[in-house]
Amino acid sequence: MALEMGGIFSWMENTGLAEAIRGTAYLYPILESVHIIGIALLIGPAAAFDLRLLGLGRRALRVSTAADYLLPLSHLGFMIAAVTGVAMFLPGASLIADRGSAPWKLGLIVLAGLNILIFHLRTYRSVADWDVNRSTPAAARFAAVVSLISWSCVTVAGRLLAYT
Ligand code: HEM
C-alpha cells in the first residue's frame, strides 16, 4: 500500500504541471499567496456565520440571510484553497506527504467537511423555527464551535506543513 502511494506521489512529481511549477520562477510563491487569499475567503465568512449561530446579531440578522450571503463565499474560498493546495502539493508530493502534519491537515479538513454535512442535512432543516430573534439550538452552536476550531487547526497544520 505504502509502495502504491509512493508510486502515485512520484507520478505526480513527474507530471507536466509539476515540472512547470518547479521550473517557473515565482510561480510557487504566487500559488502560496493565492492559497492564503482562498483561506481568508473560506474562514472569514465561515467564522462570521459561526458567530451568528452563537448568537451575534440575533435580533437583526436572519440566520438564513447570513447563510445565503456568506456560505457561497466560503465555498469559493475552499475551491481556491483546494486548487492552489493541490498545485503546491504536486512538485514535492512524496516529501510533503511524508510530513507528520500532512495526515492532521487532511483529517481536520475531513472533520470540518463532515461537520458542515451534518449541520446542513440535520440541524439547518429546522432553521425557520430559530431564524431570527430566537436562541439557536445547541446542535447549531456545537457545529459553530467545531467549525471555528477545525478551520483554525487546519490553518495551523497547513503552516506546519512547511516544517514538519
Ligand atoms: C483542500 C486542499 C488543500 C491542499 C491539497 C493543501 C495543500 C497545501 C500545501 C502543499 C501547502 C504548502 C506546504 C509547503 O510550503 O511545503 C499548503 C500550505 C498551507 N495551507 Fe493548505 N492545502 C489545502 C487546503 C487548505 C485549507 C482549507 C487551509 C486553511 C483553512 C490551508 C492552510 C494552509 C496554510 C496556512 C499554509 C501555509 C501557507 C504559507 O505559509 O505560505 N490549506 N497547503
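Heads up: these notes are all about the structure in this document.

Some remarks on the nonpolar core
Item 1. In this structure, Phe 49, Leu 53, Val 63, Phe 119, Tyr 124 and Trp 130 are the most contacted members of the largest nonpolar core, which totals 13 residues.
Item 2. For this core, the secondary structure elements donating two or more residues are α3 (27-53), α4 (63-89) and α7 (138-160).
Item 3. Sorting elements by how many residues they give to this core places α4 first, with four residues.

Some points on the packing of helix α6 (residues 101-121) against α7
Item 1. It is at 9 Å that the axes of α6 and α7 come closest, and there the two elements cross at 160 degrees. When the axis of α6 is compared with that of α7, the two are roughly antiparallel. Crossing geometry of α6 relative to α7 is assigned as left-handed. From α6, Ser 101, Trp 104, Lys 105, Leu 108, Ile 109, Leu 111, Ala 112, Asn 115, Ile 116 and Phe 119 reach across to α7, where they touch Ala 140, Ala 143, Val 146, Ser 147, Ser 150, Trp 151, Cys 153, Val 154, Ala 157, Gly 158 and Leu 160.
Item 2. By residue class, the composition of the contact of α6 with α7 is 15 nonpolar, five polar and one charged.

Some remarks on the coordination of the iron atom of the ligand
Item 1. The coordination sphere of the iron atom of the ligand contains the protein donors His 35 (NE2) and Lys 105 (NZ), at a distance range of 1.7 to 2.1 Å.
Item 2. In this structure, the iron atom of the ligand is surrounded by six donor atoms whose angles at the metal cover 86 to 178 degrees, and the resulting shape is octahedral. Taken together, the positions of His 35 in helix α3 and Lys 105 in helix α6 put the pair 70 residues apart, joining distant regions of the chain.
Item 3. On the basis of relative accessibility, which here comes to 12%, the residue His 35 falls in the buried class.

A few points about α4
Structural remark: α-helix, 3.6 residues per turn; residues separated by three or four positions point the same way.
Item 1. Taking 1.5 Å of rise per residue, the 27 residues of α4 would be expected to cover 39 Å, and the 36 Å separating its terminal C-alpha atoms lies within 8% of that figure.
Item 2. Considering bend angle alone, the principal kink of α4 is centred on Leu 70 and spans about 30 degrees; proline Pro 72 follows within four residues of it.
Item 3. If you check which residues of α4 are buried, you get Val 63, Ser 64, Ala 66, Ala 67, Leu 71, Ser 74, Gly 77, Ala 81, Thr 84, Gly 85, Ala 87 and Met 88.
Item 4. Buried-residue contacts for α4 involve α2 (16-23), α3, α5 (93-97) and α6.

What about the environment of Leu 61?
Item 1. Tracing the chain through its elements places Leu 61 in the loop between α3 and α4.
Item 2. Taking the C-alpha atoms as reference points, Leu 61 and Val 86, separated by 25 residues in sequence, lie 36 Å from one another.
Item 3. If sequence neighbours within four positions are ignored, Leu 61 has contacts with Arg 52, Ala 66, Asp 131 and Val 132.

Let's talk about the layout of surface pockets
Item 1. When its volume is computed, the largest pocket comes out at roughly 1100 Å³.
Item 2. Taken together, 31 residues form the lining of the largest pocket, with His 35, Gly 85, Lys 105, Gly 158 and Leu 161 sitting closest to its centre.
Item 3. Residue assignment for the lining of the largest pocket shows that the elements contributing at least two residues are α3, α4, α5, α6 and α7.
Item 4. Roughly 320 Å³ of volume is contained in the second largest pocket.
Item 5. As for the second largest pocket, its lining consists of 18 residues, of which Ala 46, Leu 71, Ile 116, Ser 147 and Trp 151 are closest to the centre.
Item 6. Looking at the lining of the second largest pocket, the elements with two or more residues in it are α3, α4, α6 and α7.
Item 7. Of all the elements, α6 adds the most residues to the lining of the second largest pocket, at six residues.
Item 8. Taken together, the residues of the lining of the second largest pocket break down into 11 nonpolar, six polar and one charged.

Reading the values: rules and limits
- Each chain carries its own residue numbering, running from 1 in the written order of its sequence.
- At least 70 in pLDDT is required for a residue's local features to be given in this predicted model, at least 80 for side-chain atom pairs to be given and counted, and no such filter applies to totals for whole chains, interfaces and linings, which use all residues.
- Neither water nor hydrogens contribute to the side-chain values; these are computed over all heavy atoms in the structure.
- To qualify as a nonpolar core, a set must consist of buried Ala, Val, Leu, Ile, Met, Phe, Trp, Tyr and Cys residues joined through side-chain atoms within 4.5 Å.
- Exposure classes here rest on a 1.4 Å probe applied to the protein chains alone. A residue is buried below 20% of its type maximum, exposed above 50%, and partly exposed in between.
- Think of it this way: any DSSP run of H or I at least four residues long counts as a helix, any run of E at least two long counts as a strand, and we number them from the N terminus.
- Where helices are involved, their axes are fitted lines through C-alpha atoms of the stretch in contact, as for all axes, and angles between N-to-C directions lie from 0 to 180°.
- Each angle gets one of four labels, with under 35 degrees taken as roughly parallel, over 145 as roughly antiparallel, 65 to 115 as roughly perpendicular, and the rest as oblique.
- Each crossing gets its handedness from the near helix: less than a right angle anticlockwise from the far helix is left-handed, clockwise is right-handed.
- Contacts were defined at the residue level, with two residues in contact if any of their heavy atoms lie within 4.5 Å.
- Throughout, the ten residues Ala, Val, Leu, Ile, Met, Phe, Trp, Tyr, Cys and Pro are labelled nonpolar, Asp, Glu, Lys and Arg are labelled charged, and all others, Gly among them, are labelled polar.
- Metal donors were taken as nitrogen, oxygen and sulfur atoms no farther than 2.8 Å from the ion, or 3.2 Å where the ion is Na, K or Ca. Water is excluded, so coordination may look unfinished.
- Sites are called tetrahedral only when four donors show all angles between 85 and 135 degrees, square planar or octahedral only when four or six donors show opposite pairs over 155 degrees and all other angles between 65 and 115, and irregular in any remaining case.
- Every helix has an expected span of 1.5 Å times one less than the residues it contains.
- One axis is fitted to the seven residues ending at the residue and one to the seven starting there. The bend at that residue is the angle between these axes.
- Only protein atoms enter the 1 Å grid used here, on which a cavity is any set of points holding a 1.4 Å probe that cannot leave and a pocket is any open set flanked by protein within 12 Å on both sides along at least five of seven lines; residues with an atom within 4 Å of a point are listed as lining.
- Grid points are joined across faces, edges and corners, and a volume is the space filled by probe spheres set on the points.

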